[in-house]
Amino acid sequence: MSRYRSYGNLDDPFISEGDTFFTRMNARLRPSQLQAGEVALSQNGRMKEDGTWQPRKGLQTLSGAITLDSAAIRLPFKVVGGQRNAGVVTLVLQDIPSIAFEPGSSITVVDVNASTDSPNGTFALTEVFFSNRQLQYAQAGVDEEFTTTEDSIVAPESLIPTALDPDFTLTDDGANEVYGSCVYSDPLSDFTDDYIFTATNNVMQILRLRDRVEYRVRYPLGESIYTNCYLIQADNKVYVFRNDETTLECKPTLTQFQIASASRSNKTITVTTPSAHGLVANQFISLFGLGNYSIGGNPNQYYQVEPTNLTASSFEVTFNTNDTGNETYIVGGARVEFFNDFTLVANGRYTLPDHINDGNVISGTTKANGDPNHVDDTVSEPQGNDGQVTIKEVSHGLVLGQELTIVKASSPLDLYVGQKVKVSQVIDDDHFAIPLAVETIEASSNVYLELAKKAPVSFLRHQPASPFGVMSQRRMWMPYFFEEDYDVSPFSWKAREGKDEIIASDILDPDTYDVVGGRFRVTGGSNDFIVAVQPFTEDTILVMCRRSVHRLTGASGSLTDVGMNVVTPDIGCAARKTIVQVGNRVLFLSDKGVMSLEFMDEYNLRGTEIPLSEPIQPFMDRINQRFIDRSVGAYFDNRFWLAVPLDNSAECNRIFIYSFLSQGWESMDLVSSQQFNVRDMLVGREGEENRLYITTSEGGVHKVDGYDGGDQVSVQAGNSVGETIPVVSQLVTREYDCDSIDRKAFSRSEIHLKSQPDSISDAEIVFQTTDPDRSQTAQSVSTLLNANLAQGEDASVRSRIRLRGYGCSLRISPTKGRPFVRAVKVEGRITDRSQTSTT
């Protein structure tokens, strides 16, 4: 319907309303209350600096789902036994269950045999016992023992169709879950290489971002991880905090050596080295640069050293190939690389250094009678400097200038008992000297001297077991939740009373902790507990509790000078991994949503009254509170990324993005796969740029916004690339009411779109009105233009609406390409002016 040149007094003119830019999402207010540039929903979208909206790029798979060979996979779990007793079914698994099994979730049991009531089917899981490898669910029936076969399995309900696939099995290595990850930066690399360390239940996976080379590293014998852990890089080491288990540590040193020859016989690769390689059986290594492998496949990957035929300069590995032939590889430039294994941090009873004593002071060049110029030359032992006494103490470990106290001595040194001296010379590992002004001491005089190192009057311990730790002001800070139980052998960790204390290590010594002068009770024994410790500005440390936030000051000096005060007594942190510092602000997820603390000046740290997530509070209210602690956050590209478990999910299945440039929430991201979840979000350096990466519980490493053709999602082991699935994006505009509460007849719309230079575009458009609530059948851009929007082209897409209502909104869903949405507009005129209300 065309416009008129003019309107009379009784005519209803057409009114236009729309947006020429898009800045933020607001799901809190009614769509008709939103301001220009605000949208009701941005799903899988990005809002550019020029005000355009565009679907996001896809995830790029850098490392496939958890796999130690092509057959390894996480599910299903084999059932090896079970029984029903008093209406409770207990299944015994062959492997430790993963956290995919959660009380309250549905599981499916297949091929477990019973003589009466079958335990097979889908049930709500009631209990999980990781240490005993057991699952429990309620089922009425006769009490009896079950029998199992090779086909007896159990898996989460949503994955059981895939789990029945015959290739869906566990390897002997049993790596079935990822429990934590972190970025490690090699300080010695010329490339400033970054690696992603991913902790599975029994092996550490390592991915070098620069070239996507993969490594594996073992844990100490008998050690494993069976629940979520926390990884950090500190003191040039990678620490794995395991809650009530002794922490693991590794100083990742990449060892390389050349290959002299390499050949394959069927699946066995034999490697010889120019010199002794130092490898041991079952150690993980990676091979690089082997050529001439066209027959049996690419052998350049990671392996475990076979115990058979292992010599000083040769070893064997097993190659996963279907070829049964033989081949000799070209080894020019070929090499072996490996990282050293993880070990346990120092543990057990802490032993203070013994005092130093010497029954025969072996040298005697001293200041005779206090005369600094007199030196006696009759001593037969090796001479020292003027006025020094040389002492023999095997592996004394002293340094120049270290302070000692004379505890006990015989004549002529007994006059100095109680005095303090400093080491004046470190001769070698077994000899040192101190300055004393006494008469000459003959080597054969058997003078006795006992010295004590300076030590605090306190009680020291090795690093305690902890759920996490952080480095700040050259100290390791961690919650003091567990202490050693020496009543059992070997000792174990037992829970301490309360969870409101933190403990700090000695400076530059993450192994030594003063449990008297280095621990601090934060909440005073209230009904609160510590969630996180966050380094802040200068010498300030924030202690984030579940219901409050506290501030430690003076952390850079002596621990006796540390002060503590409350920042906010009624807002706490719900998830440790969501804490992000941006400038003078600290963001974190609380029970009320995303909150922030702002550093106002030298003395003021204030909490904001209104949550940062207030515009998307309806989504925050849908977070599964039972698993809110698994939420993770990251700061990257001027954005705050927050992954949370929404609705009934036990894993993080949605990512909300806050843009600091537009000061608003930009998108709700999701992946169209129920099996995909977020374990961690990490910022690492890949070549010359920093990127954001996602690790999953299945072990995949994915680069955010790394692929322009959909999401490469790897949830099945043995598939390094993963399945590519569409990115389902959607833009729902605000509701246009033409500044009137009257009913309008909406007739026309106009949408400005532009394709990317390298792809065509198409999208579906739906118009929806309220009061009355009606929607129009979807129209496609290709239908309105009679063709897809060509590469690099822009268009003004016009369509008819023909709907009546109080307001009208648009839903734009791209179906091809990633078109830019520049502007939208609707036109309508007031209609139905009668005084009678309509419905």
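Residues numbered from 1 in each chain as written. Predicted model: local features only at pLDDT ≥ 70, side-chain atom pairs only at ≥ 80, totals over all residues. Heavy atoms only, no water.

### Observations regarding the packing of aromatic side chains
Where we set the bar: Each aromatic pair joins two rings of Phe, Tyr and Trp (for Trp, the six-membered one) with centres within 6.5 Å, and gets the label stacked for planes under 30 degrees apart, edge-to-face for over 60, and tilted for any other angle. Comment: elements are numbered from the N terminus, with helices defined as DSSP H or I runs of at least four residues and strands as E runs of at least two. Type-normalised accessible area, obtained with a 1.4 Å probe on protein chains alone, sets the label of each residue: buried when under 20%, exposed when over 50%, and partly exposed for intermediate values.
Under the definition given, this model contains 19 aromatic pairs. Their ring planes at 80° and their centres at 6.2 Å tell us that Y219 and F342 sit as a pair that is edge-to-face. One end of the pair, Y219, is in the loop between β17 (214-218) and β18 (230-234); the other, F342, is in the loop between β28 (335-339) and β29 (343-344), and 123 residues separate them in sequence. When sorted by exposure, Y219 lands in the same class as F342, which is buried. When the ring of Y303 is compared with that of F319, the centres are 6.3 Å apart and the planes differ by 75°; the resulting orientation is edge-to-face. On the criterion of sequence distance, the pair formed by Y303 in strand β25 (residues 302-304) and F319 in the loop between β26 (314-318) and β27 (326-328) is long-range, its members being 16 residues apart. Each member of the pair, Y303 together with F319, is buried.

### A look at the sheet that holds strand β22 (residues 261-265)
What counts here: Note: two strands are recorded as paired if DSSP finds a minimum of 2 bridges between them. To define axes, lines are fitted to C-alpha atoms, for helices over the stretch in contact only, and angles between the resulting N-to-C directions are given on a 0 to 180 degree scale.
Across the sheet, 4 strands lie side by side as β26-β23-β22-β27; this open sheet has antiparallel pairing. Lying at the two open borders of the sheet, with one neighbouring strand each, are β26 and β27. On average, adjacent strands in this sheet sit at an angle of 15° to one another, irrespective of strand direction. Sheet analysis places strand β23 (residues 268-272) next to β26, joined by 5 bridges and oriented antiparallel. Residue pairing in the sheet places V271 in a bridge with F315 of β26.

### Describing unusual backbone geometry
With an omega of 5°, the peptide bond running from D771 to P772 counts as cis. Here P772 is to be found in the loop between β64 (762-770) and β65 (774-775). A positive phi is found at N44, a non-glycine position, where the angle reads about 55°. One can find N44 in the loop between β3 (38-43) and β4 (45-47). Since its relative accessible area comes to 0%, N44 is described here as buried. Backbone geometry places N236, a non-glycine residue, at a positive phi of 60°. In this structure, N236 sits in the loop between β18 and β19 (237-242).

### A look at the sheet that holds strand β21 (residues 254-258)
Read from one edge to the other, the open sheet built from 4 strands follows the order β21-β28-β24-β25, with strand pairing classed as antiparallel. Edge positions in the open sheet fall to β21 and β25, since each of these has one partner strand only. Within the sheet, the average angular offset between the axes of one strand and its neighbour, ignoring direction, is 30°. Bridge count for strand β24 (residues 284-288) against β25 is 3 bridges, and the pairing is antiparallel. When the sheet's bridge partners are listed, I285 is paired in β25 with Y303.

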